[in-house]
Amino acid sequence: MLQQDSNDDTEDVALFDAEEETTNRPKKSKIRHPVASFFHLFFRVSAIIVYLLCELFSSSFIACMVTIILLLSCDFWAVKNVTGRLMVGLRWWNHIDEDGKSHWVFESRKASSQESKTVSEAESRIFWLGLIACPVLWVVFAFSALFSFRVKWLAVVVMGVVLQGANLYGYIRCKVGSRKNLTSMATSYLGKQFLRQDIPEMYCQCPEIILKPER
């Protein structure tokens, strides 16, 4: 089913080309795509390690910067186009229509009775842990570079925040739906929390109220 958000020209659709041959396999905690799982973490973790240790092994800032940016670029492409589709059945991308208008599309595997058989729990944990933890580290590096006046490294760190933050945002949109769904989920959650806190207090303040059947 195709849904389009008129506010920002985005679409939430079902992932039509996910690996259908895995639908008949039982859901297991083992890693079914070891290569994808490895490269999901390899590029982003390598970029962080090079950022932390490059000054110990090389005095060339240009070499370190190019290495980190190459690793971040490879990570962005691999996570956006390969590992998300294989590991969790999600994908996001952009296309331009005939009128030259840009559309952002967020895809997810169709929900069905066999949906639980298509995703490995271990791969899902690896995917989301790497997807969330690494951008958080780059944000920490950004504040550290800013407050320590390492201006030359600030551009590299901002590149890490932007590239990995873009993948994080895209996959969250794939997971939970459009911006309207995000707003409705937040509103629903706050409403439930308010009712849970307000209703017991009302009963405590009015213990004498007894409901009687009407005659």
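As the structure is a computational prediction, the values presented were derived from the model and not from experiment. (Residues numbered from 1 in each chain as written. Predicted model: local features only at pLDDT ≥ 70, side-chain atom pairs only at ≥ 80, totals over all residues. Heavy atoms only, no water.)

### Brief notes about helix H3 (residues 121-147)
Logical step 1: Its 27 residues place the ends of H3 39 Å apart at the C-alpha level, agreeing with the 39 Å of an ideal helix rising 1.5 Å per residue.
Logical step 2: Those residues of H3 that fall on the buried side of the exposure criterion are Ala122, Glu123, Phe127, Trp128, Gly130, Leu131, Cys134, Pro135, Trp138, Phe141, Ala142 and Ala145.
Logical step 3: The elements touched by buried residues of H3 are helix H1 (34-57), helix H2 (61-88), strand S3 (90-96) and helix H4 (151-176).
Logical step 4: Remark: phenylalanine 149 follows H3 within two positions and exhibits a positive phi of approximately 60 degrees. (Helix = DSSP H or I, 4+ residues; strand = E, 2+ residues; numbered from the N terminus. Expected span 1.5 Å × (residues − 1). Buried < 20%, exposed > 50% of the residue type's maximum accessible area, 1.4 Å probe, protein only. Contact = heavy atoms within 4.5 Å.)

### Here's the deal with the nonpolar core
Logical step 1: Ranked by size, the top nonpolar core spans 20 residues in total, and within it Tyr51, Ile68, Leu72, Trp138, Phe141, Trp153 and Val157 carry the most contacts.
Logical step 2: Mapped onto this core, the elements with two or more residues apiece are H1, H2, H3 and H4.
Logical step 3: Counting residues per element, this core draws most heavily on H2, which supplies six residues.
Logical step 4: If sequence neighbours within four positions are ignored, tyrosine 51 has contacts with Ile68, Trp138, Phe141, Ala145, Arg150, Trp153 and Val157.
Logical step 5: Among the nonpolar cores identified, the runner-up in size contains 14 residues, and Leu86, Met87, Val88 and Phe127 belong to it. (Core = buried A, V, L, I, M, F, W, Y, C linked by side-chain atoms within 4.5 Å.)

### Overview of the UniProt feature "transmembrane region" (unreviewed entry) in the protein chain
Logical step 1: Under the UniProt annotation, the feature "transmembrane region" (unreviewed entry) is placed at residues 35-53, 59-79, 126-147 and 153-172.
Logical step 2: As a span, residues 35-53 carries 100% helix and 0% strand, and end to end its C-alpha atoms are 26 Å apart.
Logical step 3: Secondary structure within residues 59-79 divides into 90% helix and 0% strand; the distance between the first and last C-alpha atoms comes to 31 Å. (UniProt positions renumbered as here; feature names shortened; annotations may be inferred.)

### Considering the side chain of histidine 40
Logical step 1: Looking at the secondary structure, you find histidine 40 in helix H1.
Logical step 2: At a separation of 3.2 Å, a polar atom in the side chain of histidine 40 contacts the side chain of threonine 83. (Polar contact = N/O pair within 3.5 Å; in protein donor to acceptor, adjacent residues only side chain to side chain.)

### So, a nonpolar patch on the surface
Logical step 1: Together, Leu41, Val45, Ile49, Leu52, Leu53, Leu56 and Phe57 line one region of the surface with nonpolar side chains, adding up to about 680 Å² of accessible area.
Logical step 2: By secondary structure assignment, the location of leucine 52 is in helix H1. (Patch = residues over 30% accessible without salt bridge, like charges linked within 9 Å, V, L, I, M, F, W, Y side chains within 5 Å. Areas by Shrake-Rupley, 256 points an atom, 1.4 Å probe, with all protein chains shown as cover. Salt bridge = Lys/Arg side-chain N within 4 Å of Asp/Glu carboxyl O.)

### Digging into the packing of H2 against H4
Logical step 1: Interaxial distance between H2 and H4 falls to 10 Å at its minimum, and their mutual angle equals 5 degrees. When the axes of H2 and H4 are compared, the pair comes out roughly parallel. In contact with Phe61, Cys64, Met65, Ile68, Leu72, Ser73, Asp75, Phe76, Val79, Lys80 and Gly84 of H2, H4 contributes Lys152, Trp153, Val156, Met159, Gly160, Leu163, Gln164, Ala166, Asn167 and Tyr171.
Logical step 2: Class assignment for the residues of the contact of H2 with H4 results in 13 nonpolar, five polar and three charged. (Axes fitted to C-alpha atoms, helices over the stretch in contact; angles between N-to-C directions. Parallel < 35°, antiparallel > 145°, perpendicular 65-115°, else oblique. Nonpolar A, V, L, I, M, F, W, Y, C, P; charged D, E, K, R; others polar.)

### Overview of the pattern of salt bridges
Opposite charge on two side chains permits them to pair, given that their charged atoms come into close proximity.
Logical step 1: Within this structure, the stated rule accounts for four salt bridges.
Logical step 2: For arginine 44, the salt bridge identified is with aspartate 75, shortest N-O distance 2.9 Å. Placement of arginine 44 in helix H1 and of aspartate 75 in helix H2 is noted, with a sequence separation of 31 residues between them. One exposure class covers both arginine 44 and aspartate 75, and it is buried.
Logical step 3: Between glutamate 121 and arginine 125 there is a salt bridge, with the nearest N and O atoms lying 3.8 Å from each other. You can see glutamate 121 and its partner arginine 125 sitting in helix H3, four residues apart, about one turn around the helix.
Logical step 4: You can call glutamate 121 partly exposed: its relative accessible area is 35%.

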